[in-house]
Amino acid sequence: MASLMKPHRVHLPSWADRLGAFGAFVCALHCALIPVALGLLPAVGLGLVAWHGVEWAFTGFATVLAVISLYLGYRGHRAYHAWLWVSPGLAIIWFALLYPPLHHSAVPHAVAMAVGGVLIGVAHLVNLRLSYGHSH
C-alpha cells in the first residue's frame, strides 16, 4: 500500500515569483535612486530607507526567496534558464555589499545593486514563465 503513494512535493505558489520579481525591481529602483536620495532623505526624516541594515536584510531575503523559488521551479520544469539570470544577479549584489571599496562608493554601489536587482527580477519572471506559462 505504501508503494502506491506518491511522495509529496512542495510547490511555491505563482505569487512567490511575482513577489520576488516585484521586490527585485523595487530594490533595483531603490538602489538606482540612492545617490539622489542620500541628500534628500534626511531632510524629510526618512533616513531609515538608506540604513545599511535594511540593505542586508533585503539582500538576504531576496537571496533566500530566489534560491528556494528557482529550485522548486526547476524541480517542476527542469529548465536551467532562470539560474543563468539569478546567479550573476546574486553574485553582483553580494559583491557590492561585501567588497568595501565598492560598498563605500555611492554611485558604483548603486549601479551594481541596481543591475543585480534587475537580473534577479528577470530570473523570477523567467522562472514564472517556465513554471506556469503555456507551451505550444
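Values in this document were obtained by computation on a predicted structure and should not be read as measured data.

Asker: Would you take a moment to explain the confidence of the model for the protein chain for this structure?
Answerer: Detail in the predicted coordinates should be disregarded across regions flagged by low pLDDT. Within the protein chain, residue pLDDT values average 80, and 75% of them lie at 70 or more. When the elements of the protein chain are averaged for pLDDT, helix α1 (residues 14-44) gives the smallest value, 72, and helix α3 (residues 81-98) the largest, 95.

Asker: How do you make sense of the nonpolar core when you look at a structure like this?
Answerer: Soluble globular proteins: nonpolar side chains tend toward being buried together. Residues Val86 and Ile120 are the most contacted members of the largest nonpolar core, which totals 17 residues. When residues of this core are traced back to their parent elements, those giving at least two are α1, α2 (52-77), α3 and α5 (106-132). Not counting residues within four places of it along the chain, the set of residues in contact with valine 86 comprises Ala66, Leu70, Leu119, Ile120 and Ala123.

Asker: I keep staring at a nonpolar patch on the surface and nothing clicks. Help me out?
Answerer: Nonpolar side chains collect at one region of the surface, where Trp15, Leu19 and Phe61 lie side by side and expose about 350 Å² of accessible area between them. Mapped onto the elements, phenylalanine 61 comes out in helix α2. The class of phenylalanine 61 is partly exposed, set by a relative accessible area of 48%.

Asker: Before we go on, may I ask you to explain the environment of leucine 125 in this structure?
Answerer: Counting through the fold element by element, leucine 125 comes out in helix α5. Here leucine 125 falls in the partly exposed class, since its relative accessible area comes to 41%. Once the C-alpha coordinates of leucine 125 and alanine 21 are considered, the two residues, 104 residues apart in sequence, prove to be 6.3 Å apart. Look past the residues within four positions of leucine 125 in its chain and what remains in contact with it is Ala21 and Phe25.

Asker: Got a minute to help me understand the packing of aromatic side chains in this structure?
Answerer: Each aromatic ring pair is summarised here by two numbers: the centre-to-centre distance and the angle between the ring planes. Under the definition given, this model contains 2 aromatic pairs. Ring plane angle 65° and centroid distance 5.9 Å describe the contact between tryptophan 56 and tryptophan 94, whose orientation is recorded as edge-to-face. Placement of tryptophan 56 in helix α2 and of tryptophan 94 in helix α3 is noted, with a sequence separation of 38 residues between them. The exposure class of tryptophan 94 is partly exposed, given its relative accessible area of 24%. Measuring from ring centre to ring centre gives 4.9 Å for phenylalanine 95 and tyrosine 99, while their planes differ by 10°; the resulting arrangement is stacked. Owing to a relative accessible area of 47%, phenylalanine 95 belongs among the partly exposed residues under this scheme. By relative accessible area, tyrosine 99 is classed as partly exposed at 40%.

Asker: I keep staring at the packing of α3 against α5 and nothing clicks. Help me out?
Answerer: As a packed pair, α3 and α5 sit with axes 8 Å apart at the nearest point and diverge in direction by 155°. On the basis of the axis angle, α3 is roughly antiparallel to α5. The interaxial crossing formed by α3 with α5 has left-handed handedness.

Conventions we followed
Residues numbered from 1 in each chain as written. Predicted model: local features only at pLDDT ≥ 70, side-chain atom pairs only at ≥ 80, totals over all residues. Heavy atoms only, no water. pLDDT = per-residue confidence, 0-100. Helix = DSSP H or I, 4+ residues; strand = E, 2+ residues; numbered from the N terminus. Core = buried A, V, L, I, M, F, W, Y, C linked by side-chain atoms within 4.5 Å. Buried < 20%, exposed > 50% of the residue type's maximum accessible area, 1.4 Å probe, protein only. Contact = heavy atoms within 4.5 Å. Patch = residues over 30% accessible without salt bridge, like charges linked within 9 Å, V, L, I, M, F, W, Y side chains within 5 Å. Areas by Shrake-Rupley, 256 points an atom, 1.4 Å probe, with all protein chains shown as cover. Salt bridge = Lys/Arg side-chain N within 4 Å of Asp/Glu carboxyl O. Phe/Tyr/Trp six-rings, centres within 6.5 Å; stacked < 30°, edge-to-face > 60°. Axes fitted to C-alpha atoms, helices over the stretch in contact; angles between N-to-C directions. Parallel < 35°, antiparallel > 145°, perpendicular 65-115°, else oblique. Left-handed = near helix turned anticlockwise from the far one by under 90°.

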